[in-house]
Amino acid sequence: MEDIRDDVNSKSNIRLLRLSETQSTPADRAAHQRRKYLKAVAYTEHRVSRTRLVIRILSFILSGALVAVLSHALSVYYGSKNKVVMDVRLDSELRVWPRDMKMRPTLVLLAAASLATFLSGILCLASFTKAVRKITSFGNIATAMVSIIGFALWVAAAIYYKVDDLNEKARYDMLSFTCARRHDDTIDKAIGNLGSLCLQMRYAWIAALVIAVLELAAILTIFWGVWKSRSSTSYSKIGAEVHKPQ
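Here goes a summary of the coordinates provided. If you're wondering where the values come from, they're calculated on a predicted model, not measured in any experiment.

### Some thoughts on empty space enclosed by the protein
One pass over the structure, following the stated rule, counts one cavity of 30 Å³ or more. Within this model, the largest cavity holds a volume of roughly 70 Å³. Lining the largest cavity we find Ser49, Arg52, Leu53, Arg56, Leu123, Ser127, Val132, Arg133 and Thr143. Secondary-structure elements contributing two or more residues to the lining of the largest cavity are helix H2 (26–79) and helix H4 (130–133). Counting residues per element, the lining of the largest cavity draws most heavily on H2, which supplies four residues. For the lining of the largest cavity, the residue count by class is three nonpolar, three polar and three charged.

This is how it looks when you write it as structure tokens:
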């Protein structure tokens, strides 16, 4: 008997639920759909803000690492700039570094990395505030400014760095010289492993390209966030019209 009563009560509840659904007004159904939509928008905005923060942290770490790598390479160069070694094969003294070696490409890349690290660091700190961390107009503007400046810096510096390296008629720079002489035991004994310096300088160029891609991705999150914010605003206006007293 108890099973029969439970079955009857269950069927009654289902009928009452269906009856309540059919008796709901268009405004109630619109409000329900609006709540579902706004919940989905909030979830998407959370994803956008998290993605943007992760990109900014990665950009800050990579650009900071690039500053450290380039600073180390420059410290090795300036610390042994005028050093000479005895070449046993030629029985004469040779300069460790070329007298007229170009340092501008490396210095330009270091300057770009330093500025990018500074800007990314400020934006990372500002992300502790909701005005920047959330999808807001101020947050979008701040991200746009840093990302556009960073993207332009990295693209320009990477192109200049690589084009100069590919010019075989130009004087040696840090990248071309260290990679050309990376197997020179005489120089290695004087200043350390040139092969390691060669890898560091190649890493610098690859890292510049990677960070440029990250900055482009950050710019794309702005359009993603603005699109979702506008969709949410439009839907809110529609919901307000539905609930407006007749």
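### Thoughts on the state of the cysteines
Counting across every chain of the model gives one disulfide. Sulfur-sulfur distance for the disulfide between Cys179 and Cys198 comes to 2.0 Å. Given an S-S torsion of about 95°, the disulfide between Cys179 and Cys198 has right-handed geometry. Of the two residues, Cys179 is situated in helix H6 (residues 174–180) and Cys198 in helix H8 (residues 194–243); the sequence distance between them amounts to 19 residues.

How each quantity is defined
Residues numbered from 1 in each chain as written. Predicted model: local features only at pLDDT ≥ 70, side-chain atom pairs only at ≥ 80, totals over all residues. Heavy atoms only, no water. 1 Å grid on protein atoms, 1.4 Å probe; cavity = no way out; pocket = protein on both sides within 12 Å on 5 of 7 lines; lining within 4 Å. Points joined across faces, edges and corners; volume = space filled by probe spheres on them. Helix = DSSP H or I, 4+ residues; strand = E, 2+ residues; numbered from the N terminus. Nonpolar A, V, L, I, M, F, W, Y, C, P; charged D, E, K, R; others polar. Disulfide = S-S within 2.5 Å.

By themselves, these figures tell us nothing about what the structure is for.
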